[in-house]
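Summary of the model geometry
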Amino acid sequence: MNFLQTALELSFGSVGISRPNPAVGAVVVKDGIIVGRGRTQRPGSAHAEVMALRDAGELARGAAIYVTLEPCCHYGRTPPCTKAIIDAGIAEVYFAHADPNPLVRGKSRKILEEAGIAVYEGEDACIRAIANASWEDGGCGADCHVLVEEDACENDGHAVFCEIERFFEAYDYFVRNKRIFVEIKSAVSQDGFMGGVAADGRHLPLKITGQGANCWNHELRAMSDAVLVGAGTLLADNPSLNVRYAQGNSPVKAVWAGHHEFTKAEVESLRVFAPCAEGAFLPIVFSCVAQPHLDGRAEILELRRESFAENWRMMVDDLSARGMHRLMVEPGAGLARELFSSSLDSKMPLWNRLDLWRSTDPSVEASLERLIDSGTAKCGLEFPGLPSSAVAKESAIIGPDVLTVYCP
């Protein structure tokens with residue numbers, strides 16, 4: 001067990017609740033046992049550290065606290081978490097990610113250390129957060145005396161550190177730019193197809209990625225404040241846009257309608273526009289035309305600018321003003337083409353990260369061929385070419401699927 005991994009899992013429950021504050025998780029540990037858990041509540045309510053300390057009660061005295069983000073040290077809507085940590089008698093603080101907020105960054109450690117508390121941060125904190133680790137014997141527990149086991153501990157800590165860095169990537173961007181981080185997820189077959197095209201021009205869905213990639217994608221949804229699809233994808237796939245294969249909250253559902261006016265029959269049949277549970281957010285529809293049949297089913301923001309790029313920025317401005325940190329975009333071919341082609345003519349990139357999955361499973365191509373042979377599809381739906389400015393940054397393999405991450 002890694003205590004900071006546990007804290008990260010707790011933080012997923014705050015996504016969409018704590019904004020514009022970051023989603024943070026914390027655990028209090030005494031004698032190797034978790035005695036308190038907490039995550040950040042709604043703005044103006046308790047932060048993760050305070051919730052974990054309350055949960056621990058008197059057991060917090062002399063214990064350690066593990067927090068995904070550097071504890072705050074200033075008065076805002078709530079008192080500083082550093083004060084709560086000191087008052088609770090915590091002996092050690094481990095935090096994984098330094099807060100980009102200049103009111104906090106680096107100042108918290110000094111305050112805590114001046115109070116006699118040992119502080120560990122970053123990758124070092126993540127390595128030390130392994131349960132039952134004894135750092136007097138080299139860092140991997142009483143039985144860890146060989147190099148390979150030390151390396152295993154370091155590798156585990158490094159992996160957790162990278163996960164937490166990825167989680168706060170959007171928050172960092174929001175703090176520095178006051179803008180939501182736009183992350184695109186797409187999947188293509190080995191030959192570059194996203195789906196099929198029917199004789200009447202309708203787009204037909206095609207199952208491309210395996211379960212491993214699907215779980216990864218749902219974890220990204222759980223990390224996101226909102227998930228957006230275009231009208232074409234909505235009509236072809238009728239997705240629910242919720243989180244099913246990962247822990248965490250489902251994001252706000254958003255639709256890029258463009259110039260498509262949803263008919264009454266479409267509204268009644270699409271899952272996204274099903275009546276919301278009490279207290280749930282209505283889906284947000286960004287539309288260049290009026291949407292008379294969505295009254296009461298969605299929040300409408302009309303886009304009246306001349307170009308796609310201008311309308312896209314208007315949408316980004318709106319979501320940023322709501323305090324959202326990450327927008328996950330799952331585009332069909334049409335929306336992807338608009339995004340990538342408009343990025344070439346735009347001074348400011350329209351997206352921040354592209355996660356492109358490519359399947360190596362031959363059965364995906366075979367499924368598309370069967371659709372064509374049966375007459376259901378007339379051809380494959382090709383993924384649009386990436387803008388020339390896109391740069392591949394990293395890659396990973398999960399089962400038959402290869403992920404390549406691009407930045408503009």
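Our structure is the block above this text.
Heads up: these notes are all about the structure in this document.

Calculation criteria
Residues numbered from 1 in each chain as written. Predicted model: local features only at pLDDT ≥ 70, side-chain atom pairs only at ≥ 80, totals over all residues. Heavy atoms only, no water. Helix = DSSP H or I, 4+ residues; strand = E, 2+ residues; numbered from the N terminus. Rg over C-alpha atoms; globule rule 2.2 N^0.38 Å. Buried < 20%, exposed > 50% of the residue type's maximum accessible area, 1.4 Å probe, protein only. Contact = heavy atoms within 4.5 Å. Areas by Shrake-Rupley, 256 points an atom, 1.4 Å probe, with all protein chains shown as cover. Lys, Arg positive; Asp, Glu negative; His and termini not counted. Charge placed at Lys NZ, Arg CZ, Asp CG, Glu CD. Pairing = 2+ DSSP bridges. Axes fitted to C-alpha atoms, helices over the stretch in contact; angles between N-to-C directions. Disulfide = S-S within 2.5 Å. Phe/Tyr/Trp six-rings, centres within 6.5 Å; stacked < 30°, edge-to-face > 60°. 1 Å grid on protein atoms, 1.4 Å probe; cavity = no way out; pocket = protein on both sides within 12 Å on 5 of 7 lines; lining within 4 Å. Points joined across faces, edges and corners; volume = space filled by probe spheres on them. Nonpolar A, V, L, I, M, F, W, Y, C, P; charged D, E, K, R; others polar. Core = buried A, V, L, I, M, F, W, Y, C linked by side-chain atoms within 4.5 Å.

A tally of regular secondary structure across the protein chain gives 13 helices and 17 strands. On C-alpha atoms alone, the protein chain measures out to a radius of gyration of 23 Å, which is about the 22 Å that the 2.2 N^0.38 rule sets for 408 residues. Per-residue burial for the protein chain yields a buried fraction of 52% across its 408 residues. If you take every contact in the protein chain between residues at least 6 apart in sequence, the share linking residues at least 24 apart comes to 71%. When the accessible area of the protein chain is evaluated, it comes to approximately 18500 Å², of which 50% is carbon and sulfur surface. Charge centroids of the protein chain, computed over 39 positive and 54 negative side chains, lie 7 Å from each other.

For the rest of this paragraph, the subject is helix 2 (residues 48-56). Among all positions in helix 2, only Ala48, Glu49, Val50, Ala52, Leu53 and Ala56 are buried. At its buried positions, helix 2 is contacted by strand 1 (25-30), strand 2 (33-39), strand 3 (64-69) and helix 3 (81-87). Once helix 2 ends, the next one or two residues include glycine 57, with phi positive near 60°.

Turning our attention to the sheet that holds strand 11 (residues 284-287). If you trace the nine strands from one edge of the open sheet to the other, you get 12-11-10-9-13-6-14-17-16, paired in mixed fashion. Looking at strand neighbours, the two that pair on one side only are strand 12 (299-302) and strand 16 (391-398), the edges of this open sheet. For this sheet the average axis-to-axis angle between neighbouring strands, irrespective of direction, equals 20°. Across four bridges, strand 10 (residues 252-258) lies against strand 11 in parallel orientation. From the neighbouring strand, tryptophan 256 faces strand 11, where its bridge partner is phenylalanine 286.

Moving on, we come to the pairing of strand 17 (residues 401-407). The two faces of the sheet receive side chains in turn, since in a regular strand these alternate between them. Across the seven residues of strand 17, five count as buried, placing the element largely inside the fold. Examined bridge by bridge, strand 14 (residues 353-359) and strand 17 share six bridges and lie antiparallel to one another. Looking across to strand 17, one finds that serine 359 is bridged to aspartate 401. Where strand 16 and strand 17 come together, seven bridges link them in antiparallel fashion. By the bridge assignment, isoleucine 398 is partnered in strand 17 with aspartate 401. Between the antiparallel neighbours strand 16 and strand 17 lie two residues, among them glycine 399 with a positive phi of about 60°.

Turning to the state of the cysteines, a few remarks are in order. A full pass over the atoms with the stated rule returns zero disulfides. Take cysteine 72: it sits in no disulfide, and the sulfur closest to it among the cysteines is that of cysteine 81, at 3.6 Å. For cysteine 72, a relative accessible area of 8% gives the class buried. You can see cysteine 73 has no disulfide; the closest cysteine sulfur is in cysteine 72, sitting 7.1 Å from it.

Scanning the entire structure with this criterion turns up 14 aromatic pairs. Aromatic side chains tyrosine 173 and phenylalanine 181 sit 5.6 Å apart centroid to centroid with 80° between the ring planes, which places their arrangement in the edge-to-face category. Residue phenylalanine 181 is classed as buried on the basis of its relative accessible area, which comes to 5%. When the ring of phenylalanine 340 is compared with that of phenylalanine 383, the centres are 5.9 Å apart and the planes differ by 65°; the resulting orientation is edge-to-face. A residue pair is termed long-range when its members are at least 10 positions apart, and phenylalanine 340 in helix 12 (residues 333-344) and phenylalanine 383 in the loop between strand 15 (379-382) and strand 16 qualify at 43 residues.

Left-over empty space is what a probe sized like a water molecule reveals as it rolls over the atoms. Considering all chains together, one arrives at one cavity of 30 Å³ or more under this definition. Estimated volume of the largest cavity: approximately 150 Å³. Looking at the lining of the largest cavity, its residues break down into eight nonpolar, five polar and three charged.

Attention shifts here to the sheet that holds strand 8 (residues 203-204). Picture the strands of a sheet paired through backbone hydrogen bonds; they go either parallel or antiparallel. With respect to topology, three strands assemble into an open sheet ordered 8-7-15, the strand pairing being antiparallel. Since the sheet does not close on itself, it has two edges, and those belong to strand 8 and strand 15, each with one partner. Judged from the four bridges that link them, strand 7 (residues 193-197) and strand 15 form a sheet pairing that is antiparallel. Directly across from valine 197, in strand 15, lies its bridge partner cysteine 379. Across the sheet, helix 13 (residues 362-373) touches strand 7 and strand 15, and the angle it forms with strand 7 is around 15°.

Moving on, we come to the pairing of strand 1. The buried count for strand 1 comes to five of six residues, which makes it a mostly enclosed element. Relative to strand 2, strand 1 is paired through six bridges, and the arrangement is antiparallel. Counted as the bridge partner of valine 29 is isoleucine 34 from strand 2. Between strand 1 and the antiparallel strand that follows it, strand 2, lie two residues; aspartate 31 among them carries a positive phi value of about 55°. Bridge count between strand 1 and strand 3: four bridges; the pairing is antiparallel. Its bridge partner being in strand 3, alanine 26 is matched across the sheet by valine 67.

It is worth spelling out the nonpolar core at this point. One finds Leu4, Val28, Ile65, Tyr66, Ile90 and Val93 to be the most contacted residues of the largest nonpolar core, which totals 50 residues. If near-sequence neighbours (up to four positions away) are discounted, isoleucine 90 is found in contact with Val28, Leu53, Ala60, Ala63, Ala64, Ile65, Ile85 and Ile117. Among the nonpolar cores identified, the runner-up in size contains 37 residues, and Val197, Cys288, Ala336 and Leu350 belong to it.

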